[in-house]
Protein chains: 2
Amino acid sequence: MITFPDAYQKVMDNFQNYGEEKVALKDAIGRVLAEDIFADRNFPPFNRATKDGIAINFEVFNQGQKVFKIQDVLAAGMPPIPLKDTTNCIEIMTGAMVPFNIDTVIMYEDLEIDNGLATIVKPPKKGQDIHIEGSDQKKGDLILPKSIKISAAEIGILATVGRSEVLVKKLPKTTIISTGNELVDVIETPLPHQIRKSNIYTLDAALSQEGIRPRHMHLLDDRGVIKKELKQALLLNDVLLLSGGVSMGKYDYIPEVLEELGVQKIFHKVLQRPGKPFWFGRQKETKTLIFSFPGNPASTFANYQVYFQDWLQKSLGLPVSKFNVFLNDAFAAKGDLTLLIRVKLSFDKGNMLASLVKENGSGDLTSLSLTDGFVILSPRESGYNKGDLVPFVPTRNII
Amino acid sequence: MITFPDAYQKVMDNFQNYGEEKVALKDAIGRVLAEDIFADRNFPPFNRATKDGIAINFEVFNQGQKVFKIQDVLAAGMPPIPLKDTTNCIEIMTGAMVPFNIDTVIMYEDLEIDNGLATIVKPPKKGQDIHIEGSDQKKGDLILPKSIKISAAEIGILATVGRSEVLVKKLPKTTIISTGNELVDVIETPLPHQIRKSNIYTLDAALSQEGIRPRHMHLLDDRGVIKKELKQALLLNDVLLLSGGVSMGKYDYIPEVLEELGVQKIFHKVLQRPGKPFWFGRQKETKTLIFSFPGNPASTFANYQVYFQDWLQKSLGLPVSKFNVFLNDAFAAKGDLTLLIRVKLSFDKGNMLASLVKENGSGDLTSLSLTDGFVILSPRESGYNKGDLVPFVPTRNII
């Protein structure tokens, strides 16, 4: 038996780098950028009109001229047309490239236009309403550093600099394995002593939100079959996520079979609730990591969120940060177990409050739908009080 | 010109219900549940052993018997075998169905087993380590109410009750339309006065995270083409998201063309920065809603996040809630514009702090990658101070 902090540390110490791959821009959302992105030109790439109106040489206005003859109309997407005579103006549209001998834009709202002549009714400031070339970024500037998660904002930036393909971190090849003769498929009607598979669906959904498309496997409680299937799975996967088959039962062959297949046990059983019989190991040759979670839904879910998610973040080169929330209820935490407690989060005047979710032991799946995440309560003789700050692990997108 | 709160209210008043559709369980993640889900059996569905060990009739132990003959072994997935003689015990595995004349489970750790006999070394409590049938949920209980967003936890629950297909809210059929002759494709090298499309990629990525797979369209600044294409788009879509073409420019045909096509303008221009030239309307016959955002990236992004996201939430029947964060910087907010200010969020002892992101006007896309969301600052003569609580709109998954 190992303490929760030790188990967590051992999992994190086994982070892996799975390398990089090119993906199309549209598939890059949610992935981790694996290359620095530089500006391919100045931004803005030219002196850019930011209003619709006219563009003038300010010096002419400054010397007293208020009425300007409109020489040309310049829209966004048109090559710039310089003033042939600096006492003229150009009618210019937002997004257009400002010609070289022009330095000031005056919006329609500050003009009267009549018969090809624009009269300025509100005095401009020199340089107004022009977004100057390179004022945001210079060509060659670093605009996106590697090791960030690509959100919609980054997709737009990557498009701007012409990245139709992007180098991102590879995701681990993963298989989810359910075990147990009592499990039937979701489409079947279980006999009285049977239940439907649920953990593989939960894990599949959670992984899909990380961009991982896992394979599925179900193992019956048959030693020979388990060994054959696991041997193959070790060769094909970076990660195996198992659910069930790791407690003390007569038919819980998984740990011994894994060890026979050259998987080194890193730990088995953690001083925590739920999820105590968690088995974690590594195959030396294939470098496959095995997260073998106990079979009940709340245990698998808690262990996935608390261990696997952080391990994945670190393996992808993302920072792993925990933040604290205020407990909204008191809680006893005597003994030697670290408690992973289901909570609902609420926001009160800028504070995050975690209220305990009523639950009924580790088999109670339905309470997970009321849960925003887990708070991690280390053992503490005096217990926890309302208002205590405790670490929080989210289990759904909250904000 | 309309105030920000009025504009927001008008958008929200135009929420739509797009009905329901059945999807496969694996495709339900992130969707909004459109039916109440009830327990199809008791949960647990039988008295379920929660430890590996032996199962006994407690009364026999209570009368002084400490050594029990092992009659049978009962694993998860096996039909239950009752005690033929209540002075016997059954060796039982986690997840197995406890037979009717048994009421207590004793784990291996509290036993000595030798030669088919189990000796109890630690006195049990009556009923221990049995998860009683129906103690979590009774058959027919509501276990998931409609109008919740389906996360990994709900996927597991749906699988448990045998839902291989789920009724979810339909998503609006959406087309993203970029406009402007200055735009070239991401794979092209722009001429000096051109820029690459980026807004459609940003919007596409943001929508994809809501499960919406929009179509794309690009309109050149040609009145005839714009009218023909928009007419078709109105027939085929619930929502059009336009970027560009709604300011005061000579070639900004969109608003007048839309009105010619029977689209009722609900408002044009909002007292806000960025994103002031936002145009919003509705076609009466097709009920298509048109969100026409100004073309610069930060404006489109802000308007999408602030208006469209909340409109979508409400249209899907989800609660729309804003929460407040603490400003970590002071900010001036004179005048009549509501400011949508880019901020980076940090967590400090359970508090959420919003620090202003350095930006350089609404054309500065790259600052969006430093941004976690917008704070909404209503006009206020005295400005905002560090520590003020202000509403926050996230623009990426933060927790």
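Keep in mind the model is a prediction, meaning the values are calculated, not measured.

Chemist: Quick rundown of unusual backbone geometry? Include the residues and the values.
Modeler: Each neighbour pair has its own omega, and for Phe43 of chain A with Pro44 of chain A the value is -5°, a cis peptide bond. Positionally, Pro44 of chain A belongs in the loop between strand 3 (37-38) and strand 4 (48-49). Phi is positive for Ser147 of chain B, close to 70°, though the residue is something other than glycine. Residue position: Ser147 of chain B is located in the loop between strand 12 (142-144) and helix 3 (152-160). Given the relative accessible area of 32%, Ser147 of chain B is considered partly exposed.

Chemist: Any chance you could break down the packing of aromatic side chains for me, citing the residues and the numbers?
Modeler: The tally for this structure, following the rule as stated, stands at 40 aromatic pairs over all chains. Ring geometry for Tyr8 of chain A against Tyr307 of chain A: centres 6.5 Å apart, planes inclined by 40°, an arrangement best described as tilted. One end of the pair, Tyr8 of chain A, is in helix 1 (residues 4-13); the other, Tyr307 of chain A, is in helix 7 (residues 297-315), with 299 residues separating them in the sequence. Through a chain of ring-to-ring contacts, the aromatic side chains of Phe4, Tyr8, Tyr18, Phe267, Phe278, Phe280, Phe291, Phe293, Tyr304, Tyr307, Phe308 and Trp311 of chain A assemble into a single cluster. The ring centre of Phe61 of chain B lies 4.5 Å from the NZ or CZ of Lys66 of chain B, which sits over that ring.

Chemist: Can you lay out the environment of Pro45 of chain B for me, pointing to particular residues and giving the numbers?
Modeler: If you trace the backbone, Pro45 of chain B turns up in the loop between strand 3 (37-38) and strand 4 (48-49). Along the sequence, Pro45 of chain B and Ile399 of chain B sit 354 residues apart, while their C-alpha atoms lie 35 Å from each other. Excluding its chain neighbours within four sequence positions, the residues that come into contact with Pro45 of chain B are Pro192, Gln194 and Ile195 of chain A together with Glu133 of chain B.

Chemist: Any details on the pattern of salt bridges? Residues and values, ideally.
Modeler: Under the definition given, this model contains 32 salt bridges over all chains. For Arg396 of chain B, the salt bridge is made with Glu154 of chain A, and the minimal N-O distance between the two is 2.9 Å. Of this pair, Arg396 of chain B sits in the segment after strand 29 (389-394) while Glu154 of chain A sits in helix 3 (residues 152-160), on two different chains. As a salt-bridge pair, Arg223 of chain A and Glu256 of chain A come within 2.5 Å of each other at their nearest N and O atoms. Of this pair, Arg223 of chain A sits in helix 5 (residues 223-236) while Glu256 of chain A sits in helix 6 (residues 254-260), and the two are 33 residues apart along the sequence. Judged by relative accessible area, Glu256 of chain A falls into the partly exposed class, the value being 40%. Each of Glu154 of chain A together with Lys344, Asp372 and Arg396 of chain B takes part in one network of salt bridges that share partners.

Chemist: Hey, could you go over the sheet that holds strand 5 (residues 53-56) of chain B for me, with residue numbers and the actual values?
Modeler: Residue and element names in this part refer to chain B. Reading across from one edge, 8-5-7-6-10-9 is the order of the six strands in this open sheet, with mixed pairing throughout. Among the strands making up the open sheet, the edge pair consists of strand 8 (104-107) and strand 9 (111-114). Adjacent strand axes in the sheet meet at a mean angle of 35°, parallel and antiparallel pairs treated alike. As judged from the four bridges shared by strand 5 and strand 8, these two strands associate in the antiparallel manner. Across the sheet, residue Ile54 finds its bridge partner in strand 8, namely Ile106.

Chemist: Explain the relation of the copies chain B and chain A to me, using residue names and the numbers behind them.
Modeler: Each copy superposes on the other: chain B lies on chain A with an RMSD of 0.1 Å after a rotation of 180° and an axial shift of 0.0 Å. On this basis, the relationship between the two copies can be described by a two-fold rotation axis. Closest approach to the rotation axis among the C-alpha atoms of chain B is made by Asn351 of chain B, whose C-alpha sits 2.3 Å away. A share of 100% of interface residues in chain B that are also interface residues in chain A marks the association as one of identical surfaces.

Chemist: If you had to explain the domain arrangement of chain A to someone new, which residues and values would you point to?
Modeler: As far as domains go, chain A holds domain 1 (2-18 + 171-315), domain 2 (28-40 + 140-169), domain 3 (48-131) and domain 4 (323-394). The straight-line distance from the C-alpha centre of domain 2 of chain A to that of domain 3 of chain A is 36 Å.

Chemist: Residues and numbers for the sheet that holds strand 14 (residues 174-179) of chain A, please.
Modeler: All names here are of chain A. Spatially, six strands are ordered 17-14-18-22-21-19 in an open sheet, and the strand pairing comes out mixed. Every interior strand has two partners, whereas the edge strands, strand 17 (215-219) and strand 19 (263-268), have only one. Each neighbouring strand pair of the sheet contributes to a mean axis angle of 20°, computed without reference to strand direction. Bridge count for strand 18 (residues 239-243) against strand 22 (residues 289-293) is five bridges, and the pairing is parallel. Bridging from a neighbouring strand, Ser243 pairs with Phe293 of strand 22. Seen against the sheet, helix 1 touches strand 19, strand 21 (279-283) and strand 22 and runs at an angle of roughly 150° to strand 19. In the packing of helix 7 onto the sheet, contacts are made with strand 18 and strand 22, and the angle to strand 22 comes to roughly 155°.

Chemist: Residues and numbers for helix 5 of chain A, please.
Modeler: Residue and element names in this part refer to chain A. The end-to-end C-alpha separation of helix 5 is 20 Å, in line with the 20 Å expected for 14 residues at 1.5 Å each. Every buried residue of helix 5 is listed here: Ile226, Leu230, Ala233 and Leu234. One side of helix 5 carries all its buried residues, which in axial view fall inside an arc of 100°. In helix 5, those exposed residues whose orientation departs by more than 90 degrees from the buried face are Lys228, Lys231 and Leu235. Of the residues that open helix 5, the one with a side-chain oxygen 2.9 Å from the backbone nitrogen of Gly224 is Asp222.

Chemist: Give me the interface of chain B and chain A: which residues, what numbers.
Modeler: Accessible area lost on assembly of the parts is the figure often given for the size of an interface. With 91 residues of chain B at the interface, the matching set in chain A holds 91 residues. Between the two partners, chain B and chain A, sit four salt bridges. Where chain B packs against chain A, one counts 22 residue pairs in polar contact (both at pLDDT 80 or more). Put simply, the parts of the chain that give the side of chain B that touches chain A at least two residues each are strand 12, helix 3, strand 16 (195-196), helix 4 (199-208), strand 23 (323-327), strand 25 (338-348), strand 26 (351-356) and strand 29 of chain B. The dominant element in the side of chain B that touches chain A, judged by the number of residues it contributes, is helix 3 of chain B, at eight residues. Grouping the constituent residues of the side of chain B that touches chain A by class yields 44 nonpolar, 28 polar and 19 charged.

Chemist: Which residues make up the environment of Phe38 of chain A, and what values go with them?
Modeler: Residues and elements named next belong to chain A. Assignment of secondary structure puts Phe38 in strand 3. By relative accessible area, which is 44% here, Phe38 ends up partly exposed. Along the primary structure Phe38 and Val73 are separated by 35 residues, whereas in three dimensions their C-alpha atoms are 34 Å apart. With near-sequence residues (within four places) excluded, Phe38 lies in contact with Gly140, Asp141, Leu142, Ile143 and Val161.

Chemist: I'd like to hear about helix 3 of chain B, residue by residue, with values.
Modeler: Judged by how many residues are buried, helix 3 of chain B sits mostly within the fold: nine of nine residues are covered. Those residues of helix 3 of chain B not exposed but buried are Ala152, Ala153, Glu154, Ile155, Gly156, Ile157, Leu158, Ala159 and Thr160 of chain B. Buried residues in helix 3 of chain B make contact with strand 16 (195-196), helix 4 (199-208) and helix 7 of chain A together with strand 3, strand 12 and strand 13 (165-169) of chain B. Just past helix 3 of chain B, the residue Gly162 of chain B takes up positive phi, approximately 80°.

Chemist: Please give an account of the packing of helix 4 of chain A against helix 7 of chain A that cites residues and values.
Modeler: Residue and element names in this part refer to chain A. Relative orientation of the contacting elements helix 4 and helix 7 amounts to 25°, with a least axis distance of 10 Å. Between helix 4 and helix 7, the angle falls in the class roughly parallel. In the packing of helix 4 onto helix 7, the handedness of the crossing is right-handed. Every residue of helix 7 that contacts helix 4 at Asn199, Thr202, Leu203, Ala206 and Leu207 is listed here: Pro297, Thr300, Phe301, Tyr304 and Phe308. In terms of residue class, the contact of helix 4 with helix 7 is made up of seven nonpolar, three polar and no charged.

Chemist: Describe in detail the side chain of Ser369 of chain B, supporting the description with residues and values.
Modeler: Tracing the chain through its elements places Ser369 of chain B in the loop between strand 26 and strand 27 (373-377). Once residues within four sequence positions are removed from consideration, Ser369 of chain B is found in contact with Ile143, Leu144, Ala153, Glu154 and Ile157 of chain A together with Arg396 of chain B.

Procedures and definitions
Residues numbered from 1 in each chain as written. Chains lettered and ligands numbered in written order. Predicted model: local features only at pLDDT ≥ 70, side-chain atom pairs only at ≥ 80, totals over all residues. Heavy atoms only, no water. Helix = DSSP H or I, 4+ residues; strand = E, 2+ residues; numbered from the N terminus. Buried < 20%, exposed > 50% of the residue type's maximum accessible area, 1.4 Å probe, protein only. Phe/Tyr/Trp six-rings, centres within 6.5 Å; stacked < 30°, edge-to-face > 60°. Lys NZ or Arg CZ within 6 Å of the ring centre and 35° of its normal. Contact = heavy atoms within 4.5 Å. Salt bridge = Lys/Arg side-chain N within 4 Å of Asp/Glu carboxyl O. Pairing = 2+ DSSP bridges. Axes fitted to C-alpha atoms, helices over the stretch in contact; angles between N-to-C directions. Least-squares fit on C-alpha atoms with pLDDT ≥ 70 in both. Domains from an automatic or database assignment. Expected span 1.5 Å × (residues − 1). Arc of directions from axis to C-beta. Polar contact = N/O pair within 3.5 Å; in protein donor to acceptor, adjacent residues only side chain to side chain. Nonpolar A, V, L, I, M, F, W, Y, C, P; charged D, E, K, R; others polar. Parallel < 35°, antiparallel > 145°, perpendicular 65-115°, else oblique. Left-handed = near helix turned anticlockwise from the far one by under 90°.

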